[in-house]
Amino acid sequence: MEKKRNGPAEAGRGMDGKRKAIVGEIPGLRRYARALLRDADAADDLVQDCLERAFSRLDNWQTGTSPRRWLFTLMHNLFVDGVRARKRRSELVAGAKLDTQEVTRAPEQNGVLDLQDVLDALQEVGSDRRAAILLVGVEGMSYAEAAEILGIPTGTLMSRVARGRQDLREILDVARRRRILKAVE
Amino acid sequence: MMTQRSFDERDIHLALDGELSPEDMAAYQAWLETRADMRALSARYASDRALLRETLAGLIDEELPQRVREEAISAGRDPVGTRRTTLRRLAAAAALLVAVGVAGGFWAGRQALNGGETPAALDVVGEAVAAHQVYAAEKLHVVEVGASDRNHLVGWLSNRVGTKLVAPDLRAEGFDLMGGRLLPSGGKAAAQFMYEDPVGERISLYVAHCVKGENTGFRLFEDESGRAFYWQEEGFAYTVAGSIPEERLLGLANLSYRQLLAGR
């Protein structure tokens, strides 16, 4: 069973309907890409590549498949390809400092983490586990749906979710301790 | 009475993610009542998930960049053509320039559209990769001072290089510190820390002086001789080099960066 937060499957809609359905998924795709990659430009590149591919392959979209599942699968494949493509060019990968400048930091309260802290923490989780906890925990997908998108068995997905959360928990603890230190300084 | 299944930590995730059947859910709740440790863990995972959701929710409100918007509107009406690809590259470059402007001219005049780097930066990263090649391949004398003497090693290299160094703990990524050595770099001293994982892969962190005021984010350097992530900050260039997959190397660079930052 899949959870459908984003409307019904695209049965019997025309091209325009499909296009509209795709556009409706953009916010979720962007959030997922950004959480996956941290760097805003890299994330929007990924979303854009995904949209390009989606629009050029509208015919491949099986009626009955939710637009979300189809698009996230496309994007996952591009993300995996992108790891290879990035090798060809020297680029700003993390942009940690650039982003820091743009983001207003939360006041130095003890152990309070802001968006940047959370994005940084996610980067420290291995990408397989990161994808799993984001799809399930943030995008609200079922294990079956997330496993299909990532092209792995449900059991593997399950263990990636568990391990990913365990990793994240430890990383967040460290990040909070650092926050507290900063606040004390 | 039916045989009840037993529960463990994994069920916390299943419950949290709505993957337990209603019957199991009731039994799970009963089990949880008897386990204070698991209740705490469950609460913790729920609050971590809430943190992710809340902080990432803000991303949805960020304005869609023009280039993505155009894609959404125009794509699909004709096949993906070269014209738009070119436009897209330009738009991406423009967006990059805007981002740079906003960030206060971090790379102003340096990070050109052709991806140019300053010669000085490439010199340092080249040195780092070369030093990695030479010493990572060494069998007997990989390091001058071994990790068993960690405090001495770090103190010595900090003094010679002239900044407070830390030898990052990379065990979380499977790499143990082997030790380090002092190296020459443009008439000054540079430090190299060498690490090894259980299968014998080696990576090194190289710290050398660079031009003050040239702060950068992470950059990837690659040529036939090796791969490295490097960044510059406050007059020092940091390079994490190794012949391991890019993503893994980036993880190690990240971990090093954070520890160096925390150690300052």
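These figures come from a predicted structure and were not determined experimentally. (Residues numbered from 1 in each chain as written. Chains lettered and ligands numbered in written order. Predicted model: local features only at pLDDT ≥ 70, side-chain atom pairs only at ≥ 80, totals over all residues. Heavy atoms only, no water.)

Asks: Break down the sheet that holds strand 7 (residues 236–242) of chain B for me, citing the residues and quoting the values.
Replies: Residue and element names in this part refer to chain B. The antiparallel open sheet is built from 7 strands, whose spatial order is 1-2-3-4-7-6-5. Of all strands in the sheet, those with a lone pairing partner are strand 1 (145–146) and strand 5 (219–223), marking the two edges. Contacts between helix 8 (residues 246–263) and the sheet are confined to strand 4 (202–209), strand 5, strand 6 (226–233) and strand 7, with strand 6 contributing the most and set at about 25° to the helix. (Pairing = 2+ DSSP bridges. Helix = DSSP H or I, 4+ residues; strand = E, 2+ residues; numbered from the N terminus. Contact = heavy atoms within 4.5 Å. Axes fitted to C-alpha atoms, helices over the stretch in contact; angles between N-to-C directions.)

Asks: Explain helix 6 (residues 127–138) of chain A residue by residue, including any values.
Replies: Residue and element names in this part refer to chain A. In a regular helix each residue adds 1.5 Å, so 12 residues correspond to 16 Å; helix 6 covers 15 Å between its end C-alpha atoms and thus fits that length. By the criterion of burial, helix 6 is predominantly enclosed, with 10 of the 12 residues buried. For helix 6, the complete set of buried residues consists of Ser 127, Arg 130, Ala 131, Ala 132, Ile 133, Leu 134, Leu 135, Val 136, Gly 137 and Val 138. With its phi angle positive at about 70°, Gly 140 sits one or two positions after the end of helix 6. (Expected span 1.5 Å × (residues − 1). Buried < 20%, exposed > 50% of the residue type's maximum accessible area, 1.4 Å probe, protein only.)

Asks: Could you give an account of the nonpolar core, with specific residues and numbers?
Replies: Nonpolar side chains in soluble globular proteins tend to be buried together. One finds Ile22(A), Tyr32(A), Leu122(A), Leu157(A) and Leu56(B) to be the most contacted residues of the largest nonpolar core, which totals 69 residues. Here this core gets 9 residues from one element, more than from any other, and that element is helix 1 (residues 15–37) of chain A. Dropping the residues within four chain positions of it, Leu157(A) is found in contact with Ala132(A), Val136(A), Tyr143(A), Ala146(A), Ala147(A), Leu150(A) and Ile152(A). Ranked by size, the runner-up nonpolar core spans 33 residues in total, among them Ala167(B), Ala189(B), Ile203(B) and Leu255(B). (Core = buried A, V, L, I, M, F, W, Y, C linked by side-chain atoms within 4.5 Å.)

Asks: Explain the packing of helix 1 (residues 9–16) of chain B against helix 3 (residues 36–60) of chain B to me, and be specific about the residues and the numbers.
Replies: Residues and elements named next belong to chain B. Running from N to C, helix 1 and helix 3 point in directions that differ by 40°, and their axes come no closer than 10 Å. As summarised for this structure, helix 1 and helix 3 are arranged oblique, according to the angle between their axes. Here helix 1 and helix 3 pass one another in a crossing that is right-handed. Residues Glu 9, Ile 12, His 13 and Leu 16 of helix 1 form the contact with helix 3, whose own contacting residues are Met 38, Leu 41, Ser 42, Tyr 45, Ala 46 and Arg 49. Looking at the contact of helix 1 with helix 3, its residues break down into 6 nonpolar, 2 polar and 2 charged. (Parallel < 35°, antiparallel > 145°, perpendicular 65-115°, else oblique. Left-handed = near helix turned anticlockwise from the far one by under 90°. Nonpolar A, V, L, I, M, F, W, Y, C, P; charged D, E, K, R; others polar.)

Asks: Account for the confidence of the model for chain B, naming residues and giving values.
Replies: On average, residues of chain B score 78 in pLDDT, and 74% of them reach the 70 mark or higher. Considering only residues more than four positions removed or in separate chains, one finds that residues 75–117 of chain B, a stretch of pLDDT under 50, has 54 contacts. (pLDDT = per-residue confidence, 0-100.)

Asks: I'd like a description of the pattern of salt bridges, backed by residues and values.
Replies: Residues and elements named next belong to chain B. Across all of its chains, the model carries 20 salt bridges over all chains by this definition. Note that Arg 10 and Asp 8 form a salt bridge whose closest N and O atoms lie 3.3 Å from each other. Residue classification places Asp 8 among the partly exposed residues on the basis of a relative accessible area of 32%. Arg 248 serves as the salt-bridge partner of Asp 197, at 3.3 Å between the closest nitrogen and oxygen. Separated by 51 residues along the polypeptide, Asp 197 in the loop between strand 3 (188–196) and strand 4 and Arg 248 in helix 8 bring together distant segments of the chain. (Salt bridge = Lys/Arg side-chain N within 4 Å of Asp/Glu carboxyl O.)

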